[in-house]
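Spelled out from the first residue to the last, the chains are:
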Amino acid sequence: GKTSEPSKTETPPPVKELKLATTTSTEDSGLLDVLLPEFKKDTNYEVKVIAVGTGQAIEMGEAGDVDVILVHSRAAEDKFVADGFGVDRRDVMYNDFLIIGPEADTAKIKGSADALAAFKAIANQQAAFVSRADDSGTDKKEKKIWESAGIKPSGAWYIEAGQGMGDTFRMADEKQAYTLIDRATYLALKDKYNLSIMVEGDKVLFNPYGVIPLNPEKFPQADYAGATKFAEWLTSEKGQKMIGEFGKDKYGQSLFIPDAK
Amino acid sequence: MEIFVQGIKEGVCLIWQLDKEIFQVTALSLQVSLTALILSALIGVPAGAALALKDIPGKRFFLNIIYTLMGLPPVLAGLFVYLLLTYRGPLGQYQLLFTPTAMIIAQILLAAPIICGLTARAVMALNQEVYDTAVTLGASQRQASRAIIREARIGIVAALSTALGRVIAEVGAVMLVGGNIRWSTRVLTTSIVLETRMGNFSTAIAIGIILLTLSFIINTAILMLEKRSFSYDNTIKIT
Amino acid sequence: MEIFVQGIKEGVCLIWQLDKEIFQVTALSLQVSLTALILSALIGVPAGAALALKDIPGKRFFLNIIYTLMGLPPVLAGLFVYLLLTYRGPLGQYQLLFTPTAMIIAQILLAAPIICGLTARAVMALNQEVYDTAVTLGASQRQASRAIIREARIGIVAALSTALGRVIAEVGAVMLVGGNIRWSTRVLTTSIVLETRMGNFSTAIAIGIILLTLSFIINTAILMLEKRSFSYDNTIKIT
Amino acid sequence: MTTPLKLHKVIKRYGERVVLDVDQLAVKGGKITTVIGPNGSGKSTLLRIMALLLVNDAGYLEVLGETVKWQKQQLLRLRRQMSMVTQTSFMFQGTVDYNVAYGLGVRKISEKAVQNRVAEALEMVGMSAYRAADAHTLSGGERQKVAIARAVAIKPRILFLDEPTSNIDISSAAEIEKQIKNINKDQDITIIMVTHNLFQAKRLADEVIFIHEGHIIEQGGQDLFTKPQDLRTAAFLRGETVF
Amino acid sequence: MTTPLKLHKVIKRYGERVVLDVDQLAVKGGKITTVIGPNGSGKSTLLRIMALLLVNDAGYLEVLGETVKWQKQQLLRLRRQMSMVTQTSFMFQGTVDYNVAYGLGVRKISEKAVQNRVAEALEMVGMSAYRAADAHTLSGGERQKVAIARAVAIKPRILFLDEPTSNIDISSAAEIEKQIKNINKDQDITIIMVTHNLFQAKRLADEVIFIHEGHIIEQGGQDLFTKPQDLRTAAFLRGETVF
Ligand SMILES: Nc1ncnc2c1ncn2[C@@H]1O[C@H](COP(=O)(O)OP(=O)(O)OP(=O)(O)O)[C@@H](O)[C@H]1O
Ligand SMILES: Nc1ncnc2c1ncn2[C@@H]1O[C@H](COP(=O)(O)OP(=O)(O)OP(=O)(O)O)[C@@H](O)[C@H]1O
Ligand SMILES: [Mg+2]
Ligand SMILES: [Mg+2]
């Protein structure tokens, strides 16, 4: 290959760095790989992505080790802001959760649009269900549905994996069990495993993502300007359009629905 | 750093309250890692000695492979076992995935090369005299190898300590093939990861301290066993 | 198991196509792990030799602590460094979190006890004669220690191989303090985890194979260096 | 008279250098053969080959009537009938007892018989008081005595001794020489012994072998000491350098 | 006449057992002192204490005019003026050259001077041809020769020799004895030598020490060999067991 670059004479403006803590779903789905280069072009900000569980992402925000967080756990986000760690939370997008399961469908829930009923059926049948049980956004959502359904899940059929989404999907496949999964991860991984969609479209399954810059008063070292630029860009017309388009070419549908107000 | 103090306090509390879950998790950690360690020793020590002693072609290459496998990434070892045990895999029919057995198999993949490699090195540090003396007194090759292993004991005990450290601290492989299932395949290390991911740093540290205490106790036991077999302290005395 | 074949093929392809990202990731892995290894050796070898030789009170206890730390869970080491380097932590002002430096620090915590413990054992396997001969020829304590380390070389090289295996394969600590940031702190092991999480098993295997190849090359280099310093092959010959 | 050891055109090389080149050698059964020669002449090498510890590069040897094939079962069978005191008297980690019992242990002899034989062998070399001592704390001479006891305890048919009394005091050495003669006579053991002490060689020898630069220059009875045939032998016996 | 080595009520114990108990001992400077005695009588222990390799449990010693405090700087200063051939002639891994140069290397002597001294020392023991050989492949006698060269190369003021010729052939031993006498005279080196060879002890000794069960029974000149004062000395010299 060539060793010499064409022209190194003109010095490009210095690239600034921005640290983003986010959940694994945004990185693993490939969304950020599409958005960030465009964001860099527009603002000259290089975003460093630290993809962890929602709990850990929020903890990193509270410690002041990043500049901005992009997570999905409304209650925790509100608390984050209320406690003064972050400011200006903005809605960015939502995706939705699915209940997936094996073809055999012992709980007979396929095709239903009622998540509560489906969870009840699973519990009644004691059909194997893998829970992430890791306090992630998905896990919190699942716990809430059980609560609404008035069930305290326990027993051999209720498997608490304590792992990320991809690993939980893998385990559910091995065990031919039901599980709750976000659409983005499901679409990205569905070809690898043998589980299909049982329940979708229920309002309770919606999963909103919010972006929150760190509070500049509490964390003067954090790049508030950059974080705000990032939040603004994500919620701008351009950012929203890109989010809406993402995944259409590959899966024939959007993975994330933009919903910035 | 007060989070460490808090972690230690919390660790003591967990043990003090005889927390049922932490006991079960600790017991499983012990069971899996000790079983893996013992089985790895049964494979690794003779294999290492043989590798050091036998004049097989490509011996250096083999040794090199073993040293390389000492650095087998746990995730890769886990992946390998996973692909063997998955229901679509060659051993799928035995339904071993997400069981302690699977975790033991994966940990053997990690521990056996360490024991084998370090045993080989300990044996290689010995002199010809050991072998000559044994066989000239009528030892068979097998008996002489046993004499050699006995002389290399210090190095072999180090191998065991190292391998123990590797498996008891390891998380990538057991997470993948065990699945970190509560009440079933959750061990200390996977708990630490889980708590860390949930942002519960002090709980993570508490569990870590339980793990270190455990491994301190096992190491003490190993060293006691070794010590008992010597009357004379033959470490170098410097003046 | 055809997924392994596919993984190997993919690995070769990745290298063949001079994939820019995999090169960067590999280079960072190398840089971080080798730096950590070298710094750990600079700490661990003298410390291990001193621990084996010096008649300090509570020596056995110290040794035991070192053996225990050989089994420090990477996540715990990572957590420790994280809490040191976090914005409000004692070293927060240096902004080292999520940098290769942080990864190196964490890996030193893992590698140094291994090198120290195994060096101590290798030295303990030597006889009084080494020391006596050195000092009677006029060596100072320091020079005699160097002679001892030289005699224990076989064991110390084993320590280096083991520590290398530990750090290059380790994921928990670098993930936590490095953050697995693309183009910045992503290394081979964190890539493997990422790919596994995304279900890309063959890519994970491909990267794993690159990692193993790397560690094979480094081990070969270590052994060559060691070999070069000996003319005579003094391994035991069995008949 | 039997010949338990025969060598035919046996050669041993290290790299380029030929360190042993024995055309023909027959060791007389039931006799004491002493081997003498300068440092580096190949005495230990010869003993190690005869004791089947070192493989020759050319030629072959016959041990106890069998041509040595260097094959596992045969080696074990032959080795079980011989033992050796090596020049360094290497001791296993453990007590004196452990060391002397080792050769009996590998033969799966009853525990009681082992104890008796160990006691007897240590008595013979005057080391009974050291049974429980750690073998690595012994003095130079004590170690050699234990090594002798260890080799004798198994009652071999052939006993190789490589400078066994070099660090032993004169009165003990005299006692050990007496014992060597005794076991040679009483138990009909063939003994091959290397020594630099020409007086000792002469006192013990039924046969003498003089080695020089890897070659057996002369072999004979007591006459060899008084009427050496070769000039080099004569020079060596006079204490002159043989180069 | 100087006394480079003095011992006062020096005791060494291992566990319960007292292996050395020297009330008073003065070694004459510039002389050759030979130490004789049965196995296990404490000869090597005595040498190791005098060479500052082993700490005594009671009493004190004076070396080269200084009372030994077993303190780092002093030890190094004193050790740099002595060297020892140990009973086992331990060799470092590496070539013969490496071993002989070791003591010069630690003294940071110029590379050229090192080469000269190494060559000279190996010449002295007739091992010049083995400079490049690996020290661990040497024969027993060759190893002792190299150990002697190694100790002599540094030109110490006190030289300890613990049975240095036990595995060396008679003509080489005679040559080495001559060299020992030479360096004693020419370089004014005080030499303390343990040997079981009474002829050798007699040939070399300006002074003789007889040790028995850890005690110095008798010390004297050549007379000691002909007219021993103590019954135990007499018995030992006659080759009788001294128990
Ligand atoms: N592994 C080896 N590599 C190279 N040379 C060797 C090796 N082993 C022995 N030699 C050489 O072979 C020669 C003969 O050695 P051997 O031990 O048989 O001598 P020896 O007659 O027993 O001498 P000594 O009386 O000193 O014990 C020596 O010069 C020695 O250096
Ligand atoms: N570390 C030790 N522990 C216990 N006993 C020891 C230790 N070292 C030496 N001894 C004993 O001390 C006694 C004296 O040993 P030393 O080596 O001084 O004897 P020596 O006179 O040199 O004998 P030799 O002529 O056999 O070399 C011996 O009986 C020996 O067993
Ligand atoms: Mg020899
Ligand atoms: Mg001695």
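Look a little higher up for the structure.
Because the structure is a prediction, the values reported are computed rather than measured.

So, how was this worked out
- Residues numbered from 1 in each chain as written.
- Chains lettered and ligands numbered in written order.
- Predicted model: local features only at pLDDT ≥ 70, side-chain atom pairs only at ≥ 80, totals over all residues.
- Heavy atoms only, no water.
- Least-squares fit on C-alpha atoms with pLDDT ≥ 70 in both.
- Contact = heavy atoms within 4.5 Å.
- Phe/Tyr/Trp six-rings, centres within 6.5 Å; stacked < 30°, edge-to-face > 60°.
- Helix = DSSP H or I, 4+ residues; strand = E, 2+ residues; numbered from the N terminus.
- Buried < 20%, exposed > 50% of the residue type's maximum accessible area, 1.4 Å probe, protein only.
- Lys NZ or Arg CZ within 6 Å of the ring centre and 35° of its normal.
- Donors = N, O, S within 2.8 Å, 3.2 Å for Na, K, Ca; no water.
- Near = heavy atom within 4 Å.
- Polar contact = N/O pair within 3.5 Å; in protein donor to acceptor, adjacent residues only side chain to side chain.
- Areas by Shrake-Rupley, 256 points an atom, 1.4 Å probe, with all protein chains shown as cover.
- Salt bridge = Lys/Arg side-chain N within 4 Å of Asp/Glu carboxyl O.

Novice: Would you mind going over the relation of the copies chain C and chain B with me for this structure?
Specialist: Put simply, the second copy of the chain is the first one after a rotation about an axis and a shift along it. When chain C is fitted to chain B, the residual RMSD is 0.2 Å, and the transformation amounts to a turn of 180 degrees plus an axial shift of 0.0 Å. Expressed as an axis order, the relation between the two copies is that of a two-fold axis. Interface overlap between copies is the fraction of interface residues in one copy that are interface residues in the other; for chain C against chain B it reaches 100%, indicating a shared surface.

Novice: Hey, could you run me through the packing of aromatic side chains in this one?
Specialist: Aromatic ring pairs: the centre-centre distance and the angle between the two ring planes describe each pair. Enumeration according to the criterion identifies 32 aromatic pairs over all chains in this entry. When the ring of Phe129(A) is compared with that of Trp146(A), the centres are 5.5 Å apart and the planes differ by 80 degrees; the resulting orientation is edge-to-face. With Phe129(A) in strand S5 (residues 129-131) and Trp146(A) in helix H6 (residues 137-149), this residue pair connects regions lying 17 residues apart in the sequence. You'll find Phe129(A) and Trp146(A) in the same group, each marked buried. Clustering of aromatic rings is evident, with ring pairs tying together Phe119(A), Phe129(A), Trp146(A), Trp157(A) and Tyr158(A). When the ring centre of Tyr82(B) is taken as origin, the NZ or CZ atom of Arg170(A), which lies over that ring, is 4.5 Å away.

Novice: Please explain the coordination of the magnesium ion (ligand 3) as it appears in this structure.
Specialist: Ideal values for angles at a metal depend on the geometry: 109.5 degrees with four tetrahedral donors, 90 or 180 degrees with six octahedral donors. Looking at the metal site, the magnesium ion (ligand 3) is ligated by Ser44(D) (OG) and Gln87(D) (OE1), spaced 1.9 to 2.3 Å from it. Taken as a pair, Ser44(D) in helix H1 (residues 43-50) and Gln87(D) in the loop between strand S6 (82-85) and helix H3 (96-105) lie far apart in primary sequence, 43 residues in all.

Novice: Is there a simple way to explain the site of ligand 2 in this structure?
Specialist: Around ligand 2, a shell composed of 22 residues is seen, among which Ser139(D), Glu142(D), Lys43(E), Ser44(E) and Thr45(E) lie nearest. Close to ligand 2, residues of chains B, D and E are found. Between ligand 2 and the protein, one listed contact pairs an oxygen atom with a side-chain N or O atom of Tyr130(D) at 3.2 Å. Residue Gly141(D) places a main-chain N or O atom 2.7 Å away from an oxygen atom belonging to ligand 2. In isolation ligand 2 offers 640 Å² of accessible surface; the protein chains occlude 88% of this area. Of all the secondary structure elements, the ones that give two or more residues to the shell around ligand 2 are helix H5 (140-153) of chain D together with strand S2 (17-27) and helix H1 (43-50) of chain E.

Novice: I keep staring at the pattern of salt bridges and nothing clicks. Help me out?
Specialist: Two side chains of opposite charge can pair, provided their charged atoms sit close to one another. Here the structure, examined in full by the defined rule, presents 48 salt bridges over all chains. Salt-bridge contacts for Asp78(A) lead to Arg74(A); the nearest nitrogen and oxygen are separated by 3.3 Å. Remark: Arg74(A) and Asp78(A) occur in helix H4 (residues 74-82); sequence separation between them is four residues, near one turn of the helix. Arg150(C) is the partner of Glu151(C) in a salt bridge, and the nearest nitrogen-oxygen pair spans 3.9 Å. Through salt bridges with shared partners, a single network forms among Arg74(A), Glu77(A), Asp78(A), Arg89(A) and Asp91(A).

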